[in-house]
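Structure assessment
Chain by chain, the residues run as shown.
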Amino acid sequence: MRIPRSLLLTVVAGAAIVLVAPLARAASAALTATFTQSSVWSSGYGGAFTIVNRGDATANGWVVEFDLPAGSAVSSSWDSVRSGSGQHYRFANASWNGAVAAGGSVSFGFNVAGLGTPANCLLNGAPCAGGPAPTSSPAPSSPGTPPPSTPAPSTPPPSGTVVDVSTAAQLSSAMAAARPGQTIRLAPGTYDGSFIGTAVATGAAPITVTGPRTAVITNPAPAGSGPSCPVPTPGWDPGYGIWIANAAYWRLTGFTVANAKKGVVVDNSPHVTIDGLHVHHIGDEGVHFRRTSSDGVIRNSIVEYTGTAQPAYGEGVYIGSANSNWDCHGNVGGMDRSDRVEVLDNRIGPYVSAEHIDVKEGTSNGLIRGNTFDGTGISGQNSADSWVDVKGTGYLIQGNTGSFAPPGTFANGYETHNPVAGWGCGNVWRDNVSDLGGVGRYAINVTSTSKCTGNLNVVYASNTVSHATTGLTNIAVTP
């Protein structure tokens, strides 16, 4: 039978319509989450998860969950809302980063105390490597209507900006949530509590805590119990004024730390700068660079009235740890290698009850320059009878001015000791001015030359002394 041409065209056209018309499909999001380590140190690391939307619709809301092995714990986090129990951690989106556009990504970060890495990762209840699309993906738009826009965040993201605080609770929260590039700015007032910073920053994006001298951080009442080797522990307040732990590249500027068990403690945190602080009326030491906190700086600061609770432990600036404490703080080759610390242009004293600067064995290549030491009130306890005791190696002590007047116990301006073989050697004194108040024997007393064979301490003739009972130094002077 011959089919009319017009009918054939109609059938063919109809068939074409059947063959080419696409099936309707709802747009959907497809999220994955990838873990990376941003930095690693001896007792922990910084980590991050990046959440990528490989689908064709915006995802509104995300939750990442994972487990850490025993001995590892998340110590701080940012760009997320953290919760969880035991070794299981849950990170939900913050108010500003819940929407992940098609083809887009967001991330959040955290620090871990310990070296265990995330396991059993889930993203919105599905495997982080990929799984079903979130059920919250928006329905497709009606034809002819534009897609819904991403809602504006209810609060601005607190990253890379100035965060103003005026209460202790705000300061504690801001330090716990601090991120690289952020500045935390204190208003005048008293901040009483425990303030700990653990985020790892960078040289290009440091974390700064700053305020005027009238912003006073205090912590006179330690509470709870912690480990015998101090690490930040939930529920434990060690009584430190401000504690930077397992971090890097923090800057503390301008404010006051007073009425605390210890003033500023820097643990396992390289490249921390303390600039223009006033540290006073502290139970033990004023400022301590400890547990291999290398490349730190304290400058333009005042440290006075330390050792109010324990005079024997009232150092002004303490660099490193005694070898008897290396079991706790010796985290690099069994030693506390707080190397290359610089102490510049500070006033230390009066009433610093132990050494104004105590340089411990195991540390090396630091710089002590341009400081003013007032020895009034030094206690003499635990052999604390000099401005500076150098047990480290390779330090340059230059351009400092020291004086002593009663009350106090004073033996020499500067001393060296050699508690560990090879340490307390190779240090250099230049251009220092010492007034020993008619009490001190030597401006610079080198305890031993035989223990430093091949790496002698050097005292240059540019050093001067007045009112000494004996003289400039007990070793040959180098022209």
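Values in this document were obtained by computation on a predicted structure and should not be read as measured data.

What follows concerns the overall build of the protein. When helices and strands are counted, the protein shows 3 helices and 42 strands. Relative to its 479 residues, the protein shows a buried fraction of 49%. Counting only contacts in the protein whose residues sit at least 6 apart along the sequence, the fraction spanning at least 24 positions is 70%. Summed over its atoms, the accessible surface of the protein is roughly 20,100 Å², and 57% of this surface lies on carbon and sulfur atoms.

Let us look at the state of the cysteines. Here, disulfide denotes a covalent bond that connects the sulfur atoms of two cysteines. The full count for this structure, using the stated rule, is 3 disulfides. One disulfide in the model links Cys 121 with Cys 128; its S-S distance is 1.9 Å. What sets the handedness of the Cys 121 and Cys 128 disulfide is the S-S torsion sign, and at about -65° it is left-handed. The same class applies to Cys 121 as to Cys 128, namely buried. Each sulfur of the disulfide joining Cys 229 and Cys 328 lies 2.0 Å from the other. Taking the sign of the S-S torsion, -75° for the link of Cys 229 and Cys 328, the bridge is left-handed.

Right, let's talk about the nonpolar core for a bit. The tendency in soluble globular proteins is for nonpolar side chains to be buried side by side. Core analysis: the biggest nonpolar cluster contains 62 residues, and Trp 250 and Ile 357 have the highest contact counts within it. Setting aside residues no more than four positions away along its own chain, Ile 357 makes contact with Val 317, Ile 319, Val 343, Ile 348, Ile 368, Phe 373, Trp 387, Val 388 and Asp 389. Grouped together as the second largest cluster of nonpolar side chains are 22 residues, Ala 29, Leu 31, Phe 91 and Cys 121 included.

For the structure on display, the rule yields 2 cavities of 30 Å³ or more. As a volume, the second largest cavity reaches approximately 30 Å³. The wall of the second largest cavity is formed by Pro 230, Val 231, Pro 232, Trp 243, Ala 245, Asn 246, Asp 267 and Arg 291. Its residues assigned to classes, the lining of the second largest cavity comprises 5 nonpolar, 1 polar and 2 charged.

Inspection of the secondary structure assignment puts Ser 294 in the loop between β24 (287-290) and β25 (297-299). Overall, Ser 294 belongs to the buried group, its relative accessible area being 11%. Every residue in contact with Ser 294, bar those within four places of it in the chain, is listed here: Ser 269, Pro 270, His 271, Arg 337, Ser 338, Asp 339 and Arg 340.

Okay, the side chain of Ser 72 next. Along the chain, Ser 72 falls in the loop between β4 (63-67) and β5 (73-78). By relative accessible area, which is 6% here, Ser 72 ends up buried. A distance of 3.4 Å separates a polar atom in the side chain of Ser 72 from the backbone nitrogen of Leu 115. Beyond its immediate stretch of four places on either side in the chain, Ser 72 contacts Gln 87, Tyr 89, Val 112, Ala 113, Gly 114, Leu 115 and Gly 116.

Mapping Thr 32 onto the fold places it in strand β1 (residues 31-41). When its relative accessible area of 12% is taken as the criterion, Thr 32 is described as buried. Excluding its chain neighbours within four sequence positions, the residues that come into contact with Thr 32 are Thr 50, Ile 51, Val 52, Arg 54, Leu 123, Cys 128, Ala 129 and Gly 130.

Averaged over every residue, the pLDDT of the protein is 88; the share at 70 or more is 88%. In the model, residues 1-23 has pLDDT below 50 throughout and makes 1 contact with residues more than four positions away in sequence or in other chains. For the stretch residues 131-160, pLDDT sits under 50, and the model shows 35 contacts to residues farther than four places along the chain or on other chains.

Reading the values: rules and limits
- Position numbers for residues start from 1 in each chain and track the written sequence from start to end.
- With pLDDT at 70 or above as the cut-off, local features in this predicted model cover only qualifying residues; side-chain atom pairs require 80 or more to be listed or tallied, and sums for whole chains, interfaces and linings still use all residues.
- Derived side-chain values reflect all non-hydrogen atoms in the structure, with water molecules and hydrogen atoms excluded from consideration.
- Each helix is a run of H or I in the DSSP string that is no shorter than four residues. Each strand is a run of E no shorter than two, and both are numbered from the N terminus.
- Relative accessibility decides the category of a residue: with a 1.4 Å probe and only protein chains considered, values under 20% of the type maximum give buried, values over 50% give exposed, and everything between is partly exposed.
- What makes two residues a contact is simply this: any of their non-hydrogen atoms within 4.5 Å.
- Residue exposure ignores everything except the shown protein chains as possible cover, and the areas themselves are Shrake-Rupley values with a 1.4 Å probe.
- To count as a disulfide, a pair of cysteine sulfur atoms needs to be within 2.5 Å.
- By nonpolar core we mean a set of buried residues, namely Ala, Val, Leu, Ile, Met, Phe, Trp, Tyr and Cys, connected to one another through side-chain atoms within 4.5 Å.
- With a 1 Å grid laid over protein atoms only, a set of points is called a cavity when a 1.4 Å probe fits there but cannot get out and a pocket when it is open yet has protein on both sides within 12 Å along at least five of seven lines; lining residues have an atom within 4 Å of a point.
- Grid points are joined across faces, edges and corners, and a volume is the space filled by probe spheres set on the points.
- The nonpolar class holds Ala, Val, Leu, Ile, Met, Phe, Trp, Tyr, Cys and Pro. Asp, Glu, Lys and Arg form the charged class, and all remaining residues, Gly among them, are polar.
- By the criterion applied in these results, polar contacts are pairs of N or O atoms within 3.5 Å in which, for protein atoms, one can donate a hydrogen and the other can accept it, and in which residues neighboring in sequence qualify only through two side-chain atoms.
- One confidence number per residue, pLDDT, is output by the predictor and ranges from 0 to 100.

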